[in-house]
Amino acid sequence: MITRLRRSLPFFLFWTSAFLIPALAQEAVRRPEGDVFVDKEGVLRWQKSKKEVALFGVNYTTPFAHAYRAHQRVGVAHEQAIRQDVYHLSRLGLDAFRVHVWDVEITDTLGNLQENEHLQLLDFLVAELKQRGIKIILTPIAYWNNGYPEPDTGTGFSSIYSKAQAYTNPRAILAQERYLTQFLNHRNPYTKLLNREDPDIIAYEVCNEPKYSKPEAPVTAFANRMAQAIRATGCRKPVFYNIAESPDVYDAILNANVDGVTFQWYPQGLVSGHALRGNFLPYVDQYLIPFRTDKRFISKAKMVYEFESADIIQPIMYPFMARSFREAGFQWATQFAYDPMAIAFANTEYQTHYLNLAYTPAKAMSMLIASKVFHRVGRGQSFPSYPADSVFDAFRVSYRQQLSEMNTPEEFYYTSSTTTQPKKAASLRHVAGVGSSPLVSYGGTGAYFLDRLAAGVWRLEVMPDAVPIRDPFEKASLSKTVTQILWNNQPLQITLAELGGNFSLRGLNEGNTTQTQAANGRTTVRPGVYLLAAGGKSTSRYTAQSSFNQIKLGEFAAPAPTKIAPQALHTPMAQVSAGKPVRITARITGAEPQDSVFLVAQHYYGRTLVLPMTTTSYATVDATVPAELAYPGLLRYWIVLRKGQQALTFPGGFTGQPRDWDYYHTENYAVPIVAAGAPLPLFTAAQDKDQVEARGLASTNWTDYVTTPAGELALRMVVGQPQSGQPKPAAPAGPSAALRAYFGHKLAGRATDLASFKEVMVKGRANQPATAVKVVLQTKDAAAYSATVQLGAEVQEVRIPLTSFRPDALLLLPRPYPGFLPLTYQFAPQTALKLTDAEVLQVVVEGTAPATGQLHVDIESVSLR
């Protein structure tokens, strides 16, 4: 991750009798080649076949830092965790692994390699990855300590030298040379190979995110010295070097004697503290490198060492990112970072990232699809701009449907329920997804995999149900579960002609004794692995130990059911229209088929109704409050889960019911019921401050919250003076600071009133007269429409007719990283703004600071009138 973010419940492992590393497949899957080289055109190629390399995967950090400590705290053996996670990486079709080694945990201050448990676990991880055919690039030097998000405890050379000292202090340079020499000559006790000679470790990236400044000559000299330290061991593998972290000195790296250069991509920044909502596909439409035409750059191989759609749970970003990487010429890309299953329940390993097959099944499935994109799309292949590129090759990505798909005659994958017909169902060999499709109707929320073993014989793997119960991107703790795992019997219907409607099911994983037969393609399954066979097919040759591709048929790893009380996840609407029925939807876990769920709705102290809630899909319930209770005022309500004679009431999960005489809890859900002409707030500083993105777009600009003279809270955007020695930007300076607020959910309760809104009202002030502020409305298709208002010293309400909004470039906020990437995206919509399609508000300050002091813009609220 980028330098600004320092690497920041026991469960049972359900593993099969095939507990050891599986042998290679007998089913004729050829392992990838070993060693690679970089040709004169900067293309990474396999030594034997001379074919181009294309590898896609993840970073994963269980041997080190917080992940290492967290496994100890939850009581899970590190080796066991590594086995299960590497198995899942293999199931997702990933074939690349990278990690920045925490040198601070395996060295002393002189750079001597320390034989300890961290190094042993890295060796074990390498051995496991090799057995799954996953290729490896190691970054030996991480350049920081091991604490995040806790205090530091590392004692190696990176604990005493800063990044700036690392390339300027002679003792630091010697320590790094000594360490590189010893690390590459380290013999892995599991593989019996030296690191420098292992054919599956295909290259080395010298160091992770170094921080350099001019002059450039010392940077080039240091890079050359580190590359030489690697080559002096006899290592002939390509040497990569980071160029994106310090782009101001890119010449220094292009002049260095290295074989490749490395980049990262965090297209909407990091650590927003909450889930980002809205259409972010334009943020990942292209990866534009400013020096991409430089001959020195062209002659070097290109690698993405880290990427992530941080703070986004949507299963649509990774396929677009993979395609953009290939368009930019990258041959390696590894996401940061795959969450170990043992601690993914809490997402404590870097709260801004969240990816795990068991806990984020749809996002994980999008990673599988992204890997397919990376391998199918040609290096340098070009595409039209979004939204014209939403369908490409065998892939489809839809923000509105929250769906990524791959559809070929042999493979069919999807991240959520789809109506897409497979291209050629009769020739399919692999199906995987979340939700339902024309081939598979499934009642659970976990991922599943169907793999053809032979004509009429398939392997089915079903993961447990995963139910989000909290925002996973909020402040994290091992004491706070963000996703609940449940093992349920779920209905399943498979429509594959060669299986027929009466296929048999036989459990394969350890403890799975299922022996049953489907009726009309329908059956019920629990998490596990099953052998499916058409009527009359003999399956005696298939056992749990049989090899298929790079797994054993009976392998299975999944977290145990989460041992917590029933949970409810529900956010009340911002407003609802008076005189209209009010539909209330919630996510409830822990409700068994014999239980019941009720909505207790009350017009504050007025009439109370008890309404049954209906299950619409697994763990999702809803009820409709009739229009007669929806007169202007405040509707407050509770959700009651009744289990026999016991009742639990939400919010809070308290015992009892709101109408009990001794139910004393004051918590409730509430929604204002407003008349048709009432304003609809899109942003209110006092209420929305924790769910919006407000940023300065330069180091001298920032945002804060202040009170106005009337005592109201307002967002303050500050434009400061340039730093010493920097020229003052000429007007117009471009975006200086901005607010981004998602409001799509706020429109839901006022849908019938949207046609009556005629204007946007901005309430705010500025400390300079006639300060121009741009107001932007972004649609679900990422089209931007803007209008400009002027604010003065007094708090005022400025009205903007909706007819005044015109197409404009979209500001990419939060700002993409690295900083050389474009800050705006231009999409020219062909139609006028439709309020029903709008879902994101931006307020953008484009001014410069006055001759002395700062420019302040305070925004108290923005609403529809």
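In what follows, the accompanying structure is described. (Residues numbered from 1 in each chain as written. Predicted model: local features only at pLDDT ≥ 70, side-chain atom pairs only at ≥ 80, totals over all residues. Heavy atoms only, no water.)

Let's shift gears to the overall build of the protein chain. In terms of helices and strands, the protein chain carries 13 helices and 52 strands. Based on the C-alpha atoms only, the size of the protein chain along its principal axes is roughly 80 × 80 × 50 Å. Split into buried and exposed, the 865 residues of the protein chain put 61% on the buried side. Approximately 31900 Å² of the protein chain is accessible, and the part contributed by carbon and sulfur atoms is 51%. (Helix = DSSP H or I, 4+ residues; strand = E, 2+ residues; numbered from the N terminus. Buried < 20%, exposed > 50% of the residue type's maximum accessible area, 1.4 Å probe, protein only. Areas by Shrake-Rupley, 256 points an atom, 1.4 Å probe, with all protein chains shown as cover.)

Turning our attention to the pattern of salt bridges. The tally for this structure, following the rule as stated, stands at 40 salt bridges. Note that Glu461 and Arg459 form a salt bridge whose closest N and O atoms lie 2.8 Å from each other. Each of the two residues, Glu461 as well as Arg459, counts as buried. A single network of salt bridges, built from pairs that share partners, joins Arg91, Asp451, Arg459 and Glu461. (Salt bridge = Lys/Arg side-chain N within 4 Å of Asp/Glu carboxyl O.)

What follows is about the packing of aromatic side chains. Per the stated rule, a full pass over the model turns up 38 aromatic pairs. Sitting over the face of the ring of Phe320, Arg323 holds its NZ or CZ atom 4.4 Å from the ring centroid. Here Arg636 stacks its cationic end above the ring of Tyr604, 4.6 Å away from the centre of that ring. (Phe/Tyr/Trp six-rings, centres within 6.5 Å; stacked < 30°, edge-to-face > 60°. Lys NZ or Arg CZ within 6 Å of the ring centre and 35° of its normal.)

What follows is about the pairing of strand S3 (residues 55-59). With five of five residues buried, S3 lies mostly within the body of the structure. Direction of pairing for S3 relative to strand S10 (residues 332-335): parallel, over a ladder of four bridges. Looking at S10, one finds that Phe56 is bridged to Ala333. Judged from the three bridges that link them, S3 and strand S4 (residues 96-100) form a sheet pairing that is parallel. Counterpart to Asn59 in the pairing with S4 is Arg98. (Pairing = 2+ DSSP bridges.)

Glancing now at the sheet that holds strand S16 (residues 440-442). Whenever strands of a sheet pair, they do so through backbone hydrogen bonds, lying parallel or antiparallel. As summarised here, the arrangement of the three strands in space is S16-S21-S24, forming an open sheet in which the pairing is antiparallel. The open sheet is flanked by S16 and strand S24 (522-525), the only strands paired with a single partner. Mean inter-strand twist for the sheet, computed between neighbouring axes without regard to direction, equals 25°. Direction of pairing for S16 relative to strand S21 (residues 490-494): antiparallel, over a ladder of three bridges. Each bridged residue has a counterpart across the sheet, and for Val440 the counterpart in S21 is Ile494. (Axes fitted to C-alpha atoms, helices over the stretch in contact; angles between N-to-C directions.)

Right, let's talk about helix H10 (residues 317-327) for a bit. When you tally the buried positions in H10, you get 11 out of 11 residues, the bulk of the element. Considered for burial, the residues of H10 that qualify are Met317, Tyr318, Pro319, Phe320, Met321, Ala322, Arg323, Ser324, Phe325, Arg326 and Glu327. Backbone geometry just after H10 places Gly329 at a positive phi near 100°.

This brings us to the nonpolar core. Judged by nonpolar contacts, the single largest core of 214 residues is most densely connected at Phe183, Phe263, Phe307, Phe325 and Phe805. Top contributing element to this core by residue count: helix H11 (residues 361-376), with eight residues. With residues near it in sequence (within four places) discarded, Phe805 still touches Val760, Val775, Leu777, Tyr785, Ser786, Ala787, Ile800 and Leu833. (Core = buried A, V, L, I, M, F, W, Y, C linked by side-chain atoms within 4.5 Å. Contact = heavy atoms within 4.5 Å.)

Right, let's talk about unusual backbone geometry for a bit. Omega for the peptide link from Leu813 to Pro814 comes to 0°, which places this bond in the cis form. Within the element layout of this structure, Pro814 appears in the loop between strand S49 (810-811) and strand S50 (824-825). For the bond running from Tyr817 to Pro818, omega is 10°, close enough to zero to count as cis. At Tyr143, a residue that is not glycine, the phi angle is positive and equals roughly 75°. The residue Tyr143 is located in the loop between strand S5 (135-139) and helix H5 (163-166) in this model. Located in the positive-phi region is Lys192, a residue other than glycine, with phi close to 65°. On the secondary structure map, Lys192 appears in the loop between helix H6 (170-184) and strand S6 (201-205).

Right, let's talk about the sheet that holds strand S33 (residues 614-617) for a bit. A sheet is described by the order of its strands in space; here four strands give the open sequence S28-S30-S34-S33, paired in antiparallel fashion. The open sheet has two edge strands with one neighbour each: strand S28 (568-569) and S33. Two strands pair when backbone bridges link them, and S33 and strand S34 (residues 620-625) are joined in this way by three bridges, in the antiparallel orientation. Directly across from Thr614, in S34, lies its bridge partner Asp622.

Note that Arg452 resides in strand S17 (residues 448-454). Side-chain polar atoms of Arg452 contact the side chain of Glu498, separated by 3.0 Å. Leaving out residues up to four positions away in the same chain, Arg452 has contacts with Leu428, Arg429, Val457, Trp458, Glu498 and Phe548. (Polar contact = N/O pair within 3.5 Å; in protein donor to acceptor, adjacent residues only side chain to side chain.)

It is worth spelling out helix H1 (residues 65-74) at this point. Most of H1 sits inside the fold, with eight of its 10 residues counted as buried. Looking only at H1, the buried set comprises Ala65, His66, Ala67, Tyr68, Arg69, Ala70, His71 and Val74. Taken together, the buried residues of H1 touch helix H2 (78-91), helix H3 (103-106) and helix H4 (117-131). Gly75 sits one or two positions beyond H1 and adopts a positive phi of about 75°.

Contact geometry of H6 with helix H7 (residues 217-231) gives a least axis separation of 8 Å together with a crossing angle of 30°. In terms of orientation, H6 lies roughly parallel with respect to H7. H7 is crossed by H6, and the crossing has right-handed handedness. Within the contact between the two elements, H6 uses Ile173, Leu174, Gln176, Glu177, Leu180, Thr181 and Leu184 and H7 uses Phe222, Arg225, Met226, Ala229 and Ile230. Tallied by class, the residues present in the contact of H6 with H7 amount to eight nonpolar, two polar and two charged. (Parallel < 35°, antiparallel > 145°, perpendicular 65-115°, else oblique. Left-handed = near helix turned anticlockwise from the far one by under 90°. Nonpolar A, V, L, I, M, F, W, Y, C, P; charged D, E, K, R; others polar.)

The next thing to look at is the pairing of strand S41 (residues 701-707). Taken together, the seven bridges between S41 and strand S42 (residues 713-719) define a ladder with antiparallel strand orientation. If you follow Trp702 over to S42, its bridge partner there is Val718. Counted along the chain from S41 to the antiparallel partner S42, the turn is five residues long, and its residue Gly711 has a positive phi close to 85°.

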